[in-house]
Amino acid sequence: MSFRTIEWRDDKVVMIDQTRLPGEEVYCEYADYKSVAEAIRGMVIRGAPAIGVAAAMGVALGAREIIADTYESFFRQMENVCEVMARTRPTAVNLFWAIERMKRVASEHHDRPLDELREILKAEAIRIEQEDLELCKAIGRHGSALIPEGATVLTHCNAGGLATAGYGTALGVIRAAHEAGKKIQVFADETRPWLQGARLTAWELMKDGIPVTLISDNMAGFFMKRGEITCCVVGADRIAANGDTANKIGTYSVAVLARENNIPFYVAAPTTTLDLSLENGDQIPIEERHSREVTHLNGFPVAPEGIRVRNPAFDVTPARYISAIITEQGVVSGDYATGLRGLVAP
Ligand SMILES: CSC[C@@H](O)[C@@H](O)C(=O)COP(=O)(O)O
């Protein structure tokens, strides 16, 4: 891949600014945890695994910013740093998973000198980033077998290199099938209102030379009914114990259309996206974002001023519509409650 989503460089967090793609490829540097939190909230970085990495790096930056004479004071301030990170976006569980992992590592090393502890946290954040890349590649290896030669694969939103430490989950499956020499093509839903499909998926697939066709969200059913779509592969923000899956708003509609048209619908996600503490998808918190994302396109109004708007950023696809969940540890299908319980997140 010819871009870097996020990295730790010279004690700063560097991210490609996803709000400016595809027009400009700009990398922003963040030197403090509050600005990392702002970048997550403002969608400079987005996608469940990528915001997990950003949160971990934000916590590591925060640990460096803390001025403390005592361990008690350090850990009290660390709690606050973690709290700020946790309040950025509510749906993707990777964010909370990463914060918990950073907290665990901090408490496991509570007896170390503070400067050493800060280095340990930095190393852990970098490790989370590196591991995510490996998880995505393993998802690709498991999932590519499900993509037939000559397939047209429909995807929704961006579950690619930009949404992860690199390579991607849904796009990881597609990349792996492409790398295996299969002649496949992708149909990318534009993904209103934020246009992750048009702006990000189209950009990164074109950059990598993977054939991609952009369609608006309301065209998916048209192409399915005409027999032009072989299968659907999407990412996930949180998967409940029964397999119900939260992903970008509009995913549920794609899944229902796929079922109506007898098309396999796959979810690709690392085990860091599992939330086995939730029995089912009704318990997943759904983020509601600003109305301006719906009323404006590129700063221009596309609706009358003062219109009432709803803007849920995610929906939940019931497990019964999902043909299989592709993880780094293998493919789960059928009885998700049992299959998912057998997987363990790093
Ligand atoms: C590998 S990313 C999976 C999901 O996070 C992705 O499909 C998605 O819904 C992203 O939503 P976003 O609002 O852009 O963060």
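Residues numbered from 1 in each chain as written. Predicted model: local features only at pLDDT ≥ 70, side-chain atom pairs only at ≥ 80, totals over all residues. Heavy atoms only, no water.

- Under an unreviewed UniProt entry, the name given to the protein chain is Methylthioribose-1-phosphate isomerase, and the source organism is Geobacter soli.
- On record in UniProt, under Function (unreviewed entry), the comment for the protein chain is "Catalyzes the interconversion of methylthioribose-1-phosphate (MTR-1-P) into methylthioribulose-1-phosphate (MTRu-1-P)." (UniProt positions renumbered as here; feature names shortened; annotations may be inferred.)

Topic: the sheet that holds strand S4 (residues 152-155)
- Taken together, seven strands build an open sheet; the order of strands is S6-S5-S4-S7-S10-S15-S16 and the sheet is mixed. Since the sheet does not close on itself, it has two edges, and those belong to strand S6 (212-215) and strand S16 (330-332), each with one partner. Each neighbouring strand pair of the sheet contributes to a mean axis angle of 25 degrees, computed without reference to strand direction.
- Both S4 and strand S7 (residues 231-234) contribute to a ladder of two bridges, which runs parallel. Note on S7: the bridge partner recorded for Val-153 is Cys-231. (Pairing = 2+ DSSP bridges. Helix = DSSP H or I, 4+ residues; strand = E, 2+ residues; numbered from the N terminus. Axes fitted to C-alpha atoms, helices over the stretch in contact; angles between N-to-C directions.)

Regarding the site of the ligand
- Around the ligand, the surrounding shell holds 19 residues, and the nearest of these are Arg-46, Arg-89, Asp-237, Asn-247 and Lys-248.
- Between an oxygen atom of the ligand and a side-chain N or O atom of Arg-89, the distance comes to 2.8 Å.
- Gln-196 is positioned with one of its side-chain polar atoms (N or O) 2.8 Å from an oxygen atom of the ligand.
- In the complex, 100% of the free accessible area of the ligand, which totals 420 Å², lies under the protein chains. (Near = heavy atom within 4 Å. Polar contact = N/O pair within 3.5 Å; in protein donor to acceptor, adjacent residues only side chain to side chain. Areas by Shrake-Rupley, 256 points an atom, 1.4 Å probe, with all protein chains shown as cover.)

Things to note about the nonpolar core
- Val-13, Met-15 and Val-36 are the most contacted members of the largest nonpolar core, which totals 47 residues.
- For this core, the secondary structure elements donating two or more residues are strand S1 (6-9), strand S2 (12-16), strand S3 (27-30), helix H1 (33-41), helix H2 (48-65), helix H3 (71-86), helix H4 (93-108) and helix H5 (114-144).
- Ranked by the residues each element gives to this core, the list is headed by H2, at twelve residues.
- For Val-36, the residues in contact, after removing those within four places along its chain, are Val-13, Met-15, Tyr-30, Ala-54, Gly-58, Leu-61 and Met-85. (Core = buried A, V, L, I, M, F, W, Y, C linked by side-chain atoms within 4.5 Å. Buried < 20%, exposed > 50% of the residue type's maximum accessible area, 1.4 Å probe, protein only. Contact = heavy atoms within 4.5 Å.)

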